Amino acid sequence: MSLRIDLVPGVAELAPASWDALGDGTPFLSHAFLDALEKTGCVGAGTGWHPCHLVVREGERLLAAMPLYAKTHSYGEYVFDWAWADAFERHGMAYYPKLVCAVPFTPITGPRLLGVDAGMRRYMLDALAERLLESGWSSAHILFPDETSAQAMKDAGWLRRDGVQFCWENEGYGGFDDFLAALSHDKRKKIRQERRRVAESGVRVRRLVGSEIGEADWAFFHHCYVNTYYEHRSTPYLNEEFFIEIGRRMPQHLLLVVAERNGRPIAAALNFHGRDRDGVQRLYGRYWGVLEHVPGLHFELCYYQAQEFCIEQGIRYFEGGAQGEHKLARGFRPRPTCSYHRIAHPDFAAAIERMLRCEAGMIGIYRHELEERVPFRKIS
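Residues numbered from 1 in each chain as written. Predicted model: local features only at pLDDT ≥ 70, side-chain atom pairs only at ≥ 80, totals over all residues. Heavy atoms only, no water.

Colleague: Go over the pattern of salt bridges with me, naming the residues and quoting the values.
Modeller: All chains considered together, the criterion is met by 28 salt bridges. A salt bridge links R57 to D6, with the nearest nitrogen and oxygen atoms 3.0 Å apart. Remark: D6 occurs in strand β1 (residues 4-8) and R57 occurs in strand β3 (residues 53-58); sequence separation between them is 51 residues. Of the residues examined, R57 reaches a relative accessible area of 15% and is grouped as buried. Where E300 meets R195, a salt bridge forms, and the shortest distance between an N and an O atom there is 2.7 Å. Taken together, the positions of E300 in helix α10 (residues 297-313) and R195 in helix α7 (residues 185-200) put the pair 105 residues apart, joining distant regions of the chain. This pair shows no difference in class: E300 is buried, exactly as R195 is. (Salt bridge = Lys/Arg side-chain N within 4 Å of Asp/Glu carboxyl O. Helix = DSSP H or I, 4+ residues; strand = E, 2+ residues; numbered from the N terminus. Buried < 20%, exposed > 50% of the residue type's maximum accessible area, 1.4 Å probe, protein only.)

Listed below in structure tokens is the structure:
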């Protein structure tokens, strides 16, 4: 078998069906999603995310791939290595550019080494390590891998970094009240109070799915999204063209929740949903924005409406995304995440490995503390 390894500057150079056949069916690794990021300029020239996807082919057949980017900063990754970059700089060395295997701006666990078998996944990892040394990159990072990808990196000796996110599980609830009944009394009471106050403030909520989301809805949502970034003195990653593009190309994965007050839209939250190859359905909370402050509105749009949607549609899991201990009180549980790292410089690799071992112990303690705080009723 004669294999060819290439770095391609965009998924547009690859057949959508060939790329998607290697994934697990979830939306963020789809050819449509990654191509929309590239086509609308959210990644590429001037963004610090330069696509250089690693692919393995036999003739014209795509056997393996990874979504790979050359990065000139660490924004939009949700695995924070600014201290590593600072240490390199203080020792007169360049940390950037580095290589990152990830879905840009998307801290969602999923396949990262897309291969027809374990041999292909290991072949890609070895090829990436060789390119790291040959081309003078400081490091390579693979973010939020699923168990299959993580095992391949563990076997190859990459450094593991542990993290925590929050996930809500639909336990076959017949309705939102059934979910509330599983919570402790004080948490159940608080959620009902929050929802009642939002309703009494005059807010009405509607959900738009798929092709029900029109260009005017995308324009409003983008306005909210940008406004919220600016209020936090940050720069938004995504433009309106991107949202219109995914609305056109992958509507079957989209849920937009819109809040209106006095007949005028004031806030919106965007969710993705999909089914993996094991048949498990998941909803992913991704972006939200608001133009008018209403107490409790964030929780209503981003959590309670999404949980109700999962119950109505029979969706098993709702992934809450990065950070947010406040999710615990809304019925989310802590779940482990990880990333894997290859550092070219041996002394820095050894130092970072020591740091990661210490950090893993603290993350373990943190997860245990979070588990002690889950809001579900204790059954004796």
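Colleague: Hey, could you go over helix α4 (residues 118-135) for me, with residue numbers and the actual values?
Modeller: In an α-helix, one turn spans 3.6 residues; hence positions three or four apart end up facing the same way. Helix length check: α4 (18 residues) gives 26 Å between terminal C-alpha atoms against 26 Å at 1.5 Å per residue, within 8%. Among all positions of α4, only M120, R121, M124, L125, A127, L128, A129 and L132 are buried. The distance from a side-chain oxygen at the start of α4 to the backbone nitrogen of G119 is 3.1 Å, and the residue carrying that oxygen is D117. Of the residues one or two after α4, G136 is the one with positive phi, at around 80°. (Expected span 1.5 Å × (residues − 1). Polar contact = N/O pair within 3.5 Å; in protein donor to acceptor, adjacent residues only side chain to side chain.)

Colleague: Quick one: what's the story with the environment of P67, residue by residue and with numbers?
Modeller: Tracing the sequence through the fold places P67 in the loop between β4 (61-66) and β5 (68-71). For the pair P67 and V209, spaced 142 residues apart in the sequence, the C-alpha separation amounts to 28 Å. In contact with P67, other than residues within four places in its own chain, are W19, L29, L34, H53, V100, C101, A102 and R112. (Contact = heavy atoms within 4.5 Å.)

Colleague: Lay out empty space enclosed by the protein with the relevant residues and their values.
Modeller: Evaluated as defined, the whole model comprises 1 cavity of 30 Å³ or more. Taken as a whole, the largest cavity holds about 60 Å³ of empty space. For the largest cavity, the full set of lining residues is C167, W168, E169, E171, G331, R333, R335 and F376. Broken down by secondary-structure element, the contributors of at least two residues to the lining of the largest cavity are β9 (159-169) and β15 (333-343). Ranked by residue count, the leading element in the lining of the largest cavity is β9, at 3 residues. Here the residues of the lining of the largest cavity sort into 3 nonpolar, 1 polar and 4 charged. (1 Å grid on protein atoms, 1.4 Å probe; cavity = no way out; pocket = protein on both sides within 12 Å on 5 of 7 lines; lining within 4 Å. Points joined across faces, edges and corners; volume = space filled by probe spheres on them. Nonpolar A, V, L, I, M, F, W, Y, C, P; charged D, E, K, R; others polar.)

Colleague: Break down the nonpolar core for me, citing the residues and quoting the values.
Modeller: Counting residues in each nonpolar core, the largest one holds 45 residues, and the members touching the most others are F33, F243, I246 and F272. Sorting the residues of this core by element identifies α1 (16-22), α2 (31-39), β4, α8 (215-231), α9 (240-249), β11 (254-261), β12 (264-275) and β13 (281-290) as the ones contributing at least two each. Among the elements that line this core, the one with the most residues is α8, at 7 residues. Once you skip the residues sitting within four places of it in the chain, F272 turns out to touch P27, F28, F33, I246, M250, H253, L254, R282, L283, Y284, R286 and Y287. (Core = buried A, V, L, I, M, F, W, Y, C linked by side-chain atoms within 4.5 Å.)

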